[in-house]
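Report on the structure
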Amino acid sequence: MNGDDDEEPRPQQKKPSIFLYFLYGSITVLILLLLFSTFFSEESEININTLVTQNVEENLRCEYIIFFDNKTIQRMGEKFTLQRYANKEFSHKIVTKKKKIAVFGECYCDGEKQTRYEQSKAYIAKITSNEISIDFAFLKNNTNTSYGMQK
């Protein structure tokens, strides 16, 4: 009646292989890199919202172009037709590491009656919010060309 005889032999536990340690280490490093890039990369995603409105008694064939400095000067834009008294809205995303960004917008429209409308606007924006809005408005009684500088 020895207490040692009643014990069943335990199966020997295997040590995890080196591959398993490598796998756990890799997963941990990837999670840390993802957290670091999310919180410490200081990249900002900015929406450039553009609104073109018109109060003109004719349809306009338009093109707007947005230039912004993000390491190099980059350009985006679209061609579109604007119906009488209508408006059109666009939104583009940019990613930047800069704290200040210069944005220059131009909008050119040709009317059915050979009238040309142009507007240009420049912005020097501190990145405090994730949106920059550029509005172009073409009115029946305004001059054809106007320029604006906003901060």
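Remember, predicted model here, so these are calculated numbers, not experimental data.

Turning our attention to unusual backbone geometry. The phi angle at Y85 is positive, at roughly 55 degrees, despite the residue not being glycine. Overall, the relative accessible area of 45% leaves Y85 in the partly exposed class. The phi dihedral of Q114 is positive, around 60 degrees, even though this residue is not glycine. Secondary-structure assignment places Q114 in the loop between β5 (100-111) and β6 (116-126).

Turning our attention to the pairing of strand β2 (residues 60-70). The element β2 is extensively covered by neighbouring structure, given that eight of its 11 residues are classed as buried. One ladder, built from 11 bridges, connects β2 with strand β3 (residues 72-82); its direction is antiparallel. Along β3, the bridge assignment pairs I65 with G77. The antiparallel pairing of β2 with β3 creates a hairpin that spans one residue between the two strands, and K71 there sits at a positive phi of about 70 degrees. With nine bridges connecting them, β2 and β5 associate as antiparallel partners.

Put simply, the protein has an average pLDDT of 78, and 75% of its residues get 70 or more. Predicted confidence is poor over residues 143-151, with pLDDT under 50, and the contacts of this stretch with residues over four places away or in other chains come to 18 contacts.

Quick look at the sheet that holds strand β1 (residues 44-55) now. Taken together, the three strands give an open sheet; going across it, the order is β4-β1-β7, and neighbouring strands pair in mixed fashion. Each edge of the sheet is formed by a strand with only one pairing partner; in this case those strands are β4 (87-96) and β7 (131-139). The average undirected angle you get between the axes of adjacent strands in this sheet is 15 degrees. Sheet topology places β1 next to β7; nine bridges connect them, and they run parallel. What sits directly across from T53, in β7, is A137.

Looking now at the pattern of salt bridges. Tallying each qualifying case throughout the model produces three salt bridges. A salt bridge links E63 to R75, with the shortest nitrogen-to-oxygen separation between them at 3.8 Å. Note that E63 is positioned in strand β2 and R75 in strand β3, a separation of 12 residues in sequence. For E63, a relative accessible area of 25% translates into the label partly exposed.

In total, this model carries five aromatic pairs according to the counting rule given. Geometrically, the ring pair formed by Y64 and F90 is tilted, given 4.5 Å between the ring centres and 40 degrees between the ring planes. You can see Y64 sitting in strand β2 and its partner F90 sitting in strand β4, a full 26 residues away along the chain. Per residue, the accessibility class of Y64 equals that of F90, and both read buried. Put simply, the rings of Y64, F80 and F90 pair up and form one aromatic cluster.

Criteria and thresholds
- Residues numbered from 1 in each chain as written.
- Predicted model: local features only at pLDDT ≥ 70, side-chain atom pairs only at ≥ 80, totals over all residues.
- Heavy atoms only, no water.
- Buried < 20%, exposed > 50% of the residue type's maximum accessible area, 1.4 Å probe, protein only.
- Helix = DSSP H or I, 4+ residues; strand = E, 2+ residues; numbered from the N terminus.
- Pairing = 2+ DSSP bridges.
- pLDDT = per-residue confidence, 0-100.
- Contact = heavy atoms within 4.5 Å.
- Axes fitted to C-alpha atoms, helices over the stretch in contact; angles between N-to-C directions.
- Salt bridge = Lys/Arg side-chain N within 4 Å of Asp/Glu carboxyl O.
- Phe/Tyr/Trp six-rings, centres within 6.5 Å; stacked < 30°, edge-to-face > 60°.

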